[in-house]
Amino acid sequence: MMPRKSELCCLFLACMTLSGCMWSSVLSTEWSENIALTSVGTQATHPALNDGKRDTIATARLRNKERVFAIKFDSIKPVRRIIIHNHNLFRFDVDYRDTKARETTWKNAYSVRQRRGVGDQRAQPKFVIDRLNFETDIIRIKVTRTVDDRVISKPIADPDDMIVDHIRRTIGGRYIEYFRVIAPSIAEVNEIEVYHLAAK
């Protein structure tokens, strides 16, 4: 006796549902605990960077032409995903220390050069950086620009100035030259999270 069309449809739908569940469980990624937290032994350049609270703000002032946030694990850890809960960063690099090199060598994991999907917000609130695959003991965020930085004009640039433009023009028969330089503000991040794949 041949099965009815309705029975075949039900059987097909049941198979598709089971197949979908099986594939979703195979393809879904299970992450480790957040290995950036202070509670698991990770140190940070500012205590609010890895305290597990997104309402606190870690700050980095300009030192030696750089604004840097960093976390240091208690040992070399595999890294597959980094989440940055942002407060005012605009352009920055996420680097990690290459533990296989003889001398201290930094490698770039991710660079941000523009904002995406911010709408009417001042800064992109969250960066999810995945598909990473490296091992390290230190991760740093090296900040180039924040949304609070101002660009000012100066007739003479100082050696430590971050110059964005050098203007030369003649106005009314008079030659004018000046520099457009960044007046850097304090860089601010709410939280950083770091994950590797969970052990099966």
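It should be emphasised that the depicted structure is a prediction, and the values quoted were computed from it without experimental measurement.

Draft legend 1. View of the pairing of strand β8 (residues 134–146). Within β8, ten of the 13 residues are buried, which leaves it mostly tucked inside the rest of the structure. Where strand β3 (residues 67–79) meets β8, nine bridges bridge the pair, whose relative direction is antiparallel. The partner of K72 across the bridge, within β8, is I138.

Draft legend 2. Representation of the sheet that holds strand β10 (residues 163–171). Spatially, the three strands line up as an open sheet ordered β9-β11-β10, and their pairing is antiparallel. Looking at strand neighbours, the two that pair on one side only are β9 (150–154) and β10, the edges of this open sheet. Averaged over neighbouring strand pairs, the angle between their axes works out to 25 degrees when direction is ignored. Of the strand pairs in this sheet, β9 and strand β11 (residues 174–183) are connected by five bridges, and their pairing is antiparallel. Across the sheet, the residue bridging to R150 is A183, located in β11.

Draft legend 3. Expanded view of the side chain of E191. Here E191 is to be found in strand β12 (residues 187–195). Despite its burial, E191 pairs with no opposite charge; the closest candidate is R54, at 7.0 Å N-O. A polar contact is formed between the side chain of E191 and the backbone nitrogen of D51, at a distance of 3.4 Å. A polar side-chain atom of E191 sits 2.7 Å from the main-chain amide nitrogen of G52. Non-local contacts of E191, meaning those with residues more than four positions away in its chain, are made with L37, A48, L49, N50, D51, G52, K53, R54, I83, I84 and H85.

Draft legend 4. Representation of the pattern of salt bridges. One pass over the full model with this rule turns up 13 salt bridges. Residue D93 pairs with R113 through a salt bridge whose shortest N-O separation is 3.0 Å. Of this pair, D93 sits in strand β5 (residues 89–97) while R113 is found in the loop between β6 (106–112) and β7 (126–129), placing the two residues 20 residues apart along the sequence. A relative accessible area of 15% places D93 in the buried class. The partner of K107 in a salt bridge is D98, with the nearest N and O atoms 3.5 Å apart. For K107, a relative accessible area of 38% puts it in the partly exposed group. We classify D98 as buried; its relative accessible area is 13%. Three or more residues are tied together by salt bridges with common partners; here these are K154, D158 and D161.

Draft legend 5. Molecular detail of the sheet that holds strand β4 (residues 81–86). Spatial ordering of the open sheet is given by β2-β12-β4-β7, a layout of four strands whose pairing is antiparallel. Either end of the sheet is taken by a strand with one partner, and the two such strands are β2 (58–60) and β7. Geometrically, the sheet is characterised by an average inter-axis angle of 30 degrees between neighbouring strands, direction not taken into account. Summarising the sheet, β2 and β12 pair through three bridges and their orientation is antiparallel. Bridge pairing links A58 to V189 in β12.

About the cut-offs
Position numbers for residues start from 1 in each chain and track the written sequence from start to end. Only residues with pLDDT of at least 70 are given local features in this predicted model, and only at 80 or more are side-chain atom pairs given and counted; all residues enter the totals for whole chains, interfaces and linings. Excluded from the side-chain calculations are hydrogens and water; all other atoms, namely the structure's heavy atoms, are used. Note on classification: 1.4 Å probe, protein chains only; a residue is buried when its accessible area is under 20% of the maximum for its type, exposed when over 50%, partly exposed between these limits. By definition, any uninterrupted DSSP run of H or I lasting at least four residues is a helix, any uninterrupted run of E lasting at least two residues is a strand, and each is numbered from the N terminus. Two strands pair under a simple rule: DSSP has to find at least two bridges between them. Helix axes are fitted only over the stretch in contact, all axes being lines through C-alpha atoms; the angle between N-to-C directions runs from 0 to 180 degrees. Residues counted as positive are Lys and Arg, residues counted as negative are Asp and Glu, and His and the chain ends are not counted. The term salt bridge refers to a side-chain nitrogen of Lys or Arg lying within 4 Å of a carboxyl oxygen of Asp or Glu. Two N or O atoms count as a polar contact when they lie within 3.5 Å, although within protein this holds only if one can serve as hydrogen donor and the other as acceptor, and sequence-adjacent residues are included solely when both atoms are side-chain atoms. We call two residues in contact when some of their heavy atoms are within 4.5 Å.

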